[in-house]
Each structure stands twice: as structure tokens, then as C-alpha cells.
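So you can see what is in the structure, the chains are spelled out below.
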Amino acid sequence: MAPLRLLCIHGYRQNGSSFREKTGALRKLLKKQVELVYVSAPHSVQQASSEAQEKENGSDPGPGGDEDPRGWWFSDIHARSFSAQQQCEESLGLDDSVAAVREAVKVQGPFDGILGFSQGAALVAMLCSLQEQKLEPEFSFRFAILVAGFRSACEEHQKFYNLPLQIPSLHVFGLEDRVIPDNMSRELLPSFQDPHVLTHPGGHFVPAASAHRQTYQDFLKRFQ
């Protein structure tokens, strides 16, 4: 059986290669079932203090955090910064990010599914909405995995949450997550028609312990 191909969308202050490193355990856990392909966000993020970086990056950002931190959009258009809790009328940079994903699909696709973490998971929900509204003909994802996802607090993004999405989805979040508290991830669930949920006792990272294998495998089996 050919492995399912997943496009992977990193979190804020990460990039494709750092996210690849951080999901090594997941690749190992699911190596017979999936091939993970990584893309980097188009926007450079200003270096913050190492403390803030560590918080955003979740598990083990390594010394000094990620090299070349990147983001998918900014909630503060003047400071070019992002916070998941920040209410804003408009954001900066989302169109460029949709274009970057479109290009990745064209060049590296096709993909069976899409996986996102943190800000990347919030982006995945928007991409699925664009796909279902038939606004992005290049997209044909059959399922989505959203880890530490959330609803954007930005006014101009509310159009993505009008109708529950039909795409099969697995929502993964940590009960001790201090960056995206689990209640924020739960608020995203009604945006999907039939969301599957995997909770873990940890914090802000992509869980890949043997205890989680069955849930991932059962979800993925439907598409093989």
C-alpha cells in the first residue's frame, strides 16, 4: 500500500525544516502509513527573546530557538507580530501564505491530506474552507489533521467559519498547552461537520507516543 502523502504546515516562529525535526517521532510512528512533506511560510518573523520563542515553539526549540523563524500571517499589522489571542480587524500576509501552499501543491503534490500545528493548524482550517467553497481549484485534500488548532480572532477571517466543513478531520490538543489552551482548540471543533478528537496530557507539541498510534492509524486507515 502506497503511503498517504501529507502536506505539513508549521507553527508560528518555525519553518519547514525545524518542523520536520520536531515531528521526527511522528514520522517514525507512522512511517508505514504516511509520507510527510514540509513547506515554509513566506513571512520572516523578527527574532524575539529566547523565552518567547521557547513558549511558541513548544517542545525543545534547541539553543536560541529556530533559525529563520517564519509565520503565516500577522495579527498586528504594524508590529508584524502574531498572537492567537489578539483580536484584530484585519491581518497581514494571509494571501501570500495561501499562494505559497498553492505553489507547494502544484510543485510537490498531489497530497492526500494536510497537517498543521498551532498557527499552521488555524491556517489548515482556512485552506479547507477555501477548498470547500471551490475558491482554490488546486486543493483536493481528502482529510485534515489539526494539532493545537484554533479559530482566528481576526475579524476578516470569520468568513472561513460560516459553514461546518465536510472534510474529515482529526483534532489533536494537549490538556496542559499554555500557548493554545485546550478550550481554544475546542472552539474550532464546531467548524467541522464530524471532528475526531485526540487529547493528550502534555503541552504545545505534536504528540507521537505509542499510546497515540492507534488513534492516528484508525483515522488514516479510512483514506488508504
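Everything that follows concerns the structure shown earlier in this document.
The model shown is predicted, which means the values in this text are computed figures rather than measured ones.

1. Focus on the overall build of the protein chain
Each helix and strand counted, the protein chain has seven helices and eight strands in total. Relative to the 2.2 N^0.38 estimate, which gives 17 Å for 224 residues, the radius of gyration of the protein chain is 16 Å and therefore close to what a compact globule would have. Buried residues in the protein chain amount to 54% of all 224 residues. When contacts within the protein chain are restricted to residue pairs at least 6 apart in sequence, those whose partners lie at least 24 apart make up 81%. Of the roughly 10200 Å² of accessible surface on the protein chain, 49% is carried by carbon and sulfur atoms. Side-chain charges in the protein chain split into 22 positive and 27 negative, and the spacing between the mean points of these groups amounts to 9 Å.

2. With respect to the pairing of strand 8 (residues 195-200)
Note that strand 7 (residues 169-174) and strand 8 share six bridges and pair parallel. What sits directly across from leucine 170, in strand 8, is histidine 196. Considered for its hand, the β-α-β crossover made up of strand 7, helix 6 (residues 182-188) and strand 8 is right-handed.

3. As for helix 7 (residues 210-221)
For helix 7, with 12 residues, the first-to-last C-alpha span of 17 Å sits near the 16 Å given by 1.5 Å per residue. Residues of helix 7 that are buried include every one of His212, Tyr216, Phe219 and Leu220, and no others. Looking straight down helix 7, one finds that the buried residues subtend no more than 95 degrees of arc, so they occupy a single side. Residues of helix 7 that are exposed and point over 90 degrees away from its buried face: Ser210 and Ala211. Tucked inside the fold, the buried residues of helix 7 contact strand 1 (4-9), helix 2 (24-29), strand 2 (34-39), strand 6 (143-147), strand 7 and strand 8.

4. Re the nonpolar core
With 67 residues, the main nonpolar core has Leu7, Ile9, Val101, Ile114, Ile145 and Tyr216 as its most contacted residues. For this core, the element with the highest residue contribution is helix 5 (residues 119-132), accounting for nine residues. Leucine 7 has contacts with Val37, Val39, Val101, Ala104, Val105, Phe111, Gly113, Ile114, Leu115 and Phe141, leaving out every residue within four places of it along the chain.

5. Some points on empty space enclosed by the protein
Throughout the structure, instances matching the rule amount to two cavities of 30 Å³ or more. Volume-wise, the largest cavity comes out at about 40 Å³. Lining the largest cavity, in full, are Trp73, Ser75, Phe82, Ser83, Ala84, Gln86, Cys88, Phe150, Arg151, Ser152, Ala153 and Cys154. Of the residues contributing to the lining of the largest cavity, the split by class is seven nonpolar, four polar and one charged.

6. Overview of the side chain of serine 129
In this structure, serine 129 sits in helix 5. Look at serine 129 and you get buried, because its relative accessible area is 3%. Only 3.4 Å separates the side chain of serine 129 from the backbone oxygen of phenylalanine 160, close enough to count as a polar contact. Contacts of serine 129, omitting those with residues within four sequence positions, involve Lys159, Phe160 and Leu165.

7. Looking at the packing of helix 4 (residues 94-108) against helix 5
For the pair helix 4 and helix 5, interaxial distance at closest approach is 11 Å and the crossing angle is 75 degrees. It follows from the interaxial angle that helix 4 and helix 5 lie roughly perpendicular. Residues Leu94, Val98 and Val101 of helix 4 pack against Leu123, Met126, Leu127 and Leu130 of helix 5.

About the cut-offs
- Residue positions are given per chain, counting from 1 as you read along its sequence in written order.
- Totals for whole chains, interfaces and linings use every residue, but because this is a predicted model, local features are given only for residues with pLDDT of at least 70 and side-chain atom pairs only at 80 or more, for both listing and counting.
- The side-chain figures draw on all heavy atoms in the structure; neither hydrogens nor water molecules are used.
- Think of it this way: any DSSP run of H or I at least four residues long counts as a helix, any run of E at least two long counts as a strand, and we number them from the N terminus.
- Just to be clear, the radius of gyration here is over C-alpha atoms, and the globule rule we use is 2.2 Å times residues to the power 0.38.
- Each residue is placed in one exposure class: buried if its accessible area under a 1.4 Å probe, protein chains only, is under 20% of its type's maximum, exposed if it is over 50%, and partly exposed if it falls in between.
- Any two residues having at least one pair of non-hydrogen atoms within 4.5 Å are treated as being in contact.
- With residues, only the protein chains shown are counted as cover, and all accessible areas are computed by Shrake-Rupley using a 1.4 Å probe.
- When charges are counted, Lys and Arg are positive and Asp and Glu negative, with His and the chain ends excluded.
- To locate a charge, take NZ of a lysine, CZ of an arginine, CG of an aspartate or CD of a glutamate.
- A pair of strands is labelled paired if DSSP reports no fewer than 2 bridges between them.
- Handedness of a crossover: with both strands directed away from the viewer, a clockwise path from the first strand across the helix to the second marks it as right-handed.
- Take the number of residues in a helix, subtract one, and multiply by 1.5 Å to get its expected span.
- Note: the arc covers the axis-to-C-beta directions of the helix.
- To qualify as a nonpolar core, a set must consist of buried Ala, Val, Leu, Ile, Met, Phe, Trp, Tyr and Cys residues joined through side-chain atoms within 4.5 Å.
- We place a 1 Å grid over just the protein atoms. Points where a 1.4 Å probe fits but has no way out form a cavity, open points with protein on both sides within 12 Å along at least 5 of 7 lines form a pocket, and any residue with an atom within 4 Å of a point lines it.
- Grid points are joined across faces, edges and corners, and a volume is the space filled by probe spheres set on the points.
- Residue classes follow a fixed rule: Ala, Val, Leu, Ile, Met, Phe, Trp, Tyr, Cys and Pro count as nonpolar, while Asp, Glu, Lys and Arg count as charged, and any other residue, Gly among them, counts as polar.
- Any pair of N or O atoms that falls within 3.5 Å is considered a polar contact. Within protein, one atom must be able to donate a hydrogen and the other to accept it, and sequence-neighbouring residues count only if both atoms are side-chain atoms.
- Between N-to-C directions, angles span 0 to 180 degrees; the directions come from axes that are lines fitted to C-alpha atoms, helices contributing only their stretch in contact.
- Here is the rule for angles: anything less than 35 degrees is roughly parallel, anything more than 145 is roughly antiparallel, 65 through 115 is roughly perpendicular, and the remaining ranges are oblique.

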